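An overview of the molecular structure
Here is what each chain is made of, one letter per residue.
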Amino acid sequence: MGRRTPILGIVGLVFIVFALLEHWMTYDPRAGYLSIGWYAGAHLIAGVAALIWYFWAGSGSITAFAKARSTRYGVNAAIYSLAFVAIIAMANFMGVRYHKRFDMTASAVNSLSQQSREVLSRLDGDVEILAFVDPRDEQFLREVIDIYDYHSDRLKFRIIDPQVNPELAQREMVTQVPTLKIKKGERSTVVRKIDEESITNGINRVTADTQKKIYFVEGHGEGAIDDSESPAGLGLFATDLRGQNYEVASVFPAEAGAIPDDADLLIVSAADREYFPAELKMIGSYMEEGGHVLFLLEPQKSAELNGVLGAFGIFPGDDLILDRQMRLFEGMTLGTDPVVSHYTDHPAVSPIKNRTLFSVARSISMASDPRPGITLKPLAFTAESSWAETDVARVFEAGEAELDENDKKGPVPLAAAGSAPPGTFGQEQDSEMRFAVFGDASFVSNRYIRQLFNGDLALSVVAWLAGEDQLISIGPRAIRASRAYLEPDQARTVFYLSVLVLPELILLAGIAVWWRRSSL
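In this report, the structure presented in the accompanying data block is examined. (Residues numbered from 1 in each chain as written. Predicted model: local features only at pLDDT ≥ 70, side-chain atom pairs only at ≥ 80, totals over all residues. Heavy atoms only, no water.)

Moving on, we come to the overall build of the chain. Each helix and strand counted, the chain has 15 helices and 20 strands in total. Taken over 520 residues, the chain has a buried fraction of 43%. Within the chain, contacts between residues separated by at least 24 positions form 72% of all contacts whose residues are at least 6 apart in sequence. When the accessible surface of the chain is totalled, it reaches about 27900 Å², and 56% of it is carbon and sulfur. (Helix = DSSP H or I, 4+ residues; strand = E, 2+ residues; numbered from the N terminus. Buried < 20%, exposed > 50% of the residue type's maximum accessible area, 1.4 Å probe, protein only. Contact = heavy atoms within 4.5 Å. Areas by Shrake-Rupley, 256 points an atom, 1.4 Å probe, with all protein chains shown as cover.)

This is the structure in structure tokens:
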């Protein structure tokens, strides 16, 4: 036997041990236990070849090999290595079973705020969260889920790709991603952002002891909130509001004698019959006392509402918005259904990034110098190709229109919002007054609420009016620590290099050094 031949036996054992280790760590039950990868196969062949060479070169017997001092040292080293691996595995097992997170970032970007932890600590039942996300956002969402799961086992997340499961998206009426549908019992709400503030507010909304109440004014020919079939009904809009955990009801102010005290939002729609003077006074007084009102107007309807709005600096135009539209087989034509894609940065519409569709709408103008304390801001504009036609009768009777000097050229303001802090109108105002005005009422009707992103726009405006933006404010924190997201092939390469190849090379180098020194 050559002087250096015995090292082949040790190297052969090392190859075989790493072959078995790789096969155990990458074992796929679906492929079968005999399915061996290239790494394990190559190491087995090399290990067996080294052992055969060792015995063929003159060892003569396995007994002599087992009794050799080098074999004993090699076995001892292998036992120590296996013991070390067992200790690491046990430590990982204990870490998984008794999990403890430590956020070492300076601004705690990888943990929940105190407000979120308080909301989760109050959960008395399971909360289901259906997350409809693009596959590109799934990894980030899973990180967020891990953080919430660490603080509460009451949250049941389910990640859904709407392209793979369109029937679920349709059943939950999801029209865009990301969308998180948060449910608890019969209550539910929708959030559009994957961040702590949005998710925590959604959880808080469905678990709150009280519901905000929205009243629709009726009695003047408005669409009914229990009518989900006729085109002019408001049943689908009311259903969406209930789905956002609002309580919805109707009120006829002339019969009730006052706006209900528990009204968190009043929705006033233009209708075929005029409002009574007493009703107009009730609406104005409700606003001055800090009420929240959504006005949905129509051309040539409910002109008496202009007086109420004028007192707060809003002036609906006596016009009709027209827009040039391209129609198949007709070319460029004029239409009364303007498409809106330009929204301002007002919090009532800032979440809206997609187009909405209106029908038979009027313009909304604002006073340049409203009453002291009132803040006004436009919400949405039509396209540049549109204008506000003042000769409305000609459009309705003859179907004709042309842009002249009396008309307002686009972009035309279609909606506006206003607010006033407590005390603006006297001591009786104990909360911030908020109102929004749209020059169209039909965009929330059954016929249009499901068109484009009309429903999202309506719910966003309602949330601002009802004060949903004032639930829980979580201040901005530093950007999360950078992470490298690896493709499967990249992750496999990192695994082999860090877990198998480098340790194996270090072990072989150590054996070579030891053998060299022992041979001197």
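This part is about the sheet that holds strand 2 (residues 155-160). Spatially, four strands are ordered 2-1-3-4 in an open sheet, and the strand pairing comes out mixed. In the strand order of this sheet, the two ends are held by strand 2 and strand 4 (187-191), each with one partner. Sheet twist, expressed as the mean angle between neighbouring strand axes with direction ignored, is 15°. Of the pairings in the sheet, the one linking strand 3 (residues 179-184) to strand 4 comprises five bridges and is antiparallel in character. Note on strand 4: the bridge partner recorded for Leu180 is Val191. (Pairing = 2+ DSSP bridges. Axes fitted to C-alpha atoms, helices over the stretch in contact; angles between N-to-C directions.)

In this section: the side chain of Thr179. Inspection of the secondary structure puts Thr179 in strand 3. Given the relative accessible area of 1%, Thr179 is considered buried. Here Arg192 takes part through its side chain, which lies 2.7 Å from a polar atom of the side chain of Thr179. (Polar contact = N/O pair within 3.5 Å; in protein donor to acceptor, adjacent residues only side chain to side chain.)

Below, the discussion takes up the pattern of salt bridges. What the rule picks out here adds up to 16 salt bridges. Close ionic contact of Glu172 with Arg171 constitutes a salt bridge, the shortest N to O distance being 3.5 Å. Classification of Glu172 by relative accessible area gives buried; the value is 7%. The exposure class of Arg171 is exposed, given its relative accessible area of 56%. The closest approach of N and O atoms between Glu172 and Lys183, which form a salt bridge, is 2.9 Å. On the criterion of sequence distance, the pair formed by Glu172 in the loop between helix 7 (166-171) and strand 3 and Lys183 in strand 3 is long-range, its members being 11 residues apart. Sharing partners across several salt bridges, the network here consists of Arg171, Glu172, Lys181 and Lys183. (Salt bridge = Lys/Arg side-chain N within 4 Å of Asp/Glu carboxyl O.)

This next bit is on helix 14 (residues 454-465). Along an α-helix, residues three or four apart share an orientation, since each turn contains 3.6 residues. For helix 14, which comprises 12 residues, the first-to-last C-alpha distance of 17 Å matches the rise-based estimate of 16 Å (1.5 Å per residue) to within 8%. Burial runs high along helix 14: 11 of the 12 residues are buried. Within helix 14, burial applies to Asn454, Gly455, Asp456, Leu457, Ala458, Leu459, Ser460, Val461, Val462, Trp464 and Leu465. Phi turns positive one or two residues past the end of helix 14, at Gly467, with a value near 80°. (Expected span 1.5 Å × (residues − 1).)

A sheet is described by the order of its strands in space; here eight strands give the open sequence 6-5-7-8-20-19-16-13, paired in mixed fashion. The sheet is open, and its two edges are formed by strand 6 (247-251) and strand 13 (342-343), each paired on a single side. Sheet analysis places strand 5 (residues 213-217) next to strand 6, joined by five bridges and oriented parallel. Its bridge partner lying in strand 6, Ile214 is registered against Val248. Contacts between helix 11 (residues 277-288) and the sheet are confined to strand 7 (265-269), strand 8 (292-296) and strand 20 (433-438), with strand 8 contributing the most and set at about 135° to the helix.

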